[in-house]
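Structural characterization, general
What follows is each chain in one-letter form.
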Amino acid sequence: MTAVVAAPSPLEQRRVLRTPIPGPRSVALGARRSAAVAAGVSSTLPVYVQRAAGAVIEDVDGNVLIDLGSGIAVTSVGASAPEVTAAVAAQAADFTHTCFMISPYEEYVAVCEGLARITPGTHDKRSVLVNSGAEAVENAVKIARRATGRPAVLVLDHAYHGRTNLTMAMTARAMPYKTGFGPFAGEVYRVPASYPLRDPAGMTGEQAALRAIDVAERQVGADQVAALVLEPILGEGGFVVPAPGFLPTLAAWAADRGIVLVADEVQTGFARTGDMFAMHHEGVVPDLVALAKGIAGGLPLGAVTGRAELLDAVHAGGLGGTFGGNPLACAAALASLEIYERDDLAGAARAIEAAVLGRLGALADEVPAVAQVRGRGAMLALELVLPGTLEPDRAAAQRVAAACAQQGVLVLTCGTWGNVLRLLPPLVIGHNLLDEGLTVLEDAIRSL
Ligand SMILES: *Cc1c(COP(=O)(O)O)cnc(C)c1O
């Protein structure tokens, strides 16, 4: 007798609420988790995932949530994109690991070729593949130090670069990222960012850049600086788009002073902001780009791509790692790159921007708690304050996110003060689904 196994029904792109959020099975898993998982690892929404596809997440209780977070800008090509899962399955059947430093394989080379093609600038490029965004940033700093022979690293206020020891030093916010974890790596110096909502009224991007340069010249000295590392749009720091002119002015100064300009495009990269890379918006060509998050459709991969003479300044054996450029992750990256280009996901991000701003753009005028609606492409945010002030209102952001979750819409927060609601939908989200999610979000904000 042959057992009849029902094929799983495809996960439809629609919201379904079957139980309260979290449902009983998620609550039970939460109890197991507390006894097994470190308390230091927290989850935004304690709803345990059964399946995910496109822009929806199905939980273990049968609820289907609209995903406006993409696992922090990772599943931009859609969760479990069929091309990605097929490429990973095929690669797994061939081989899962050899270590590129022991016996290399074509997929790693092909990913580096693809990154050279799509990153800003037409100069000769090289890449190294790693496992995460933090590792990409660390390697960019290693490369810049080796190539320049200088020690210092400049970073911006409100920056987020990761959780390893060096990248904790580079990250601005103490709680929860740094508190109690020091001492931190040395030779990291912080300069002011451009934060149009909170800078003096009328401050231009060029003035904000000169403010940062003044601090760097006085407190560090340009001839000591290996790298200026910056996010083209501050990510965890609050989706802050710098005033026009900020990035080009810093880039010109760095070039003049022999400082390696490192764009941390870990969150902004891969079509997220309506261009393949956010540095493009102001025509800035960085020397090195740190990449991860959206690179491989959900598989862990990071990269540093940049000027050949910088990457090749490092001695043989100076870069690498056991899992860096794992073949499954490379197969997923190649499939994802094809989707980004074939389906013009940068254009999709611009359409999402138009749809979201069309719905929420006026909220800053209508709801006193909304200080600003901002962002680029499908990297959009609302900053919440106590009405009539610029005092950050973290509790309001948490209330809105919780209200959305109750209605089956996953919305993330961010910001130095935790008072920013951020939208990072998969770039393949259907506009009806997006609209439904925005209705829930808008209701929650209006009831503040
Ligand atoms: C997420 C992030 C990182 C760190 O990436 P991980 O893969 O979590 O190590 C670094 N920089 C930016 C801008 C990020 O958003």
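What comes next concerns the included structure. (Residues numbered from 1 in each chain as written. Predicted model: local features only at pLDDT ≥ 70, side-chain atom pairs only at ≥ 80, totals over all residues. Heavy atoms only, no water.)

1. With respect to the packing of helix α7 (residues 205-219) against helix α8 (residues 246-256)
- One way to put it is that α7 packs onto α8 with a least axis distance of 7 Å and a crossing angle of 35 degrees. For the pair α7 and α8, the sense of crossing is right-handed. For the pair α7 and α8, contact is made by Gly 205, Glu 206, Ala 208, Ala 209, Leu 210, Ala 212, Ile 213, Ala 216 and Glu 217 and by Phe 246, Thr 249, Leu 250 and Trp 253, respectively.
- Here the residues of the contact of α7 with α8 are counted per class, giving 9 nonpolar, 2 polar and 2 charged. (Axes fitted to C-alpha atoms, helices over the stretch in contact; angles between N-to-C directions. Helix = DSSP H or I, 4+ residues; strand = E, 2+ residues; numbered from the N terminus. Left-handed = near helix turned anticlockwise from the far one by under 90°. Contact = heavy atoms within 4.5 Å. Nonpolar A, V, L, I, M, F, W, Y, C, P; charged D, E, K, R; others polar.)

2. Here's the deal with the pattern of salt bridges
- Taken as a whole and judged by the stated rule, the model has 20 salt bridges.
- The partner of Arg 218 in a salt bridge is Asp 214, with the nearest N and O atoms 3.0 Å apart. Placement of both Arg 218 and Asp 214 in helix α7 is noted, with a separation of 4 residues, approximately one turn of the helix.
- Overall, the relative accessible area of 37% leaves Asp 214 in the partly exposed class.
- Here Glu 442 ties to Arg 359 by a salt bridge, and the two come within 3.0 Å at their closest N and O atoms. One end of the pair, Glu 442, is in helix α14 (residues 431-446); the other, Arg 359, is in helix α11 (residues 345-360), with 83 residues separating them in the sequence.
- The class for Glu 442 is buried, based on a relative accessible area of 12%.
- Residue classification places Arg 359 among the partly exposed residues on the basis of a relative accessible area of 25%.
- A single network of salt bridges, built from pairs that share partners, joins Arg 359, Glu 366, Asp 435, Glu 442 and Arg 446. (Salt bridge = Lys/Arg side-chain N within 4 Å of Asp/Glu carboxyl O. Buried < 20%, exposed > 50% of the residue type's maximum accessible area, 1.4 Å probe, protein only.)

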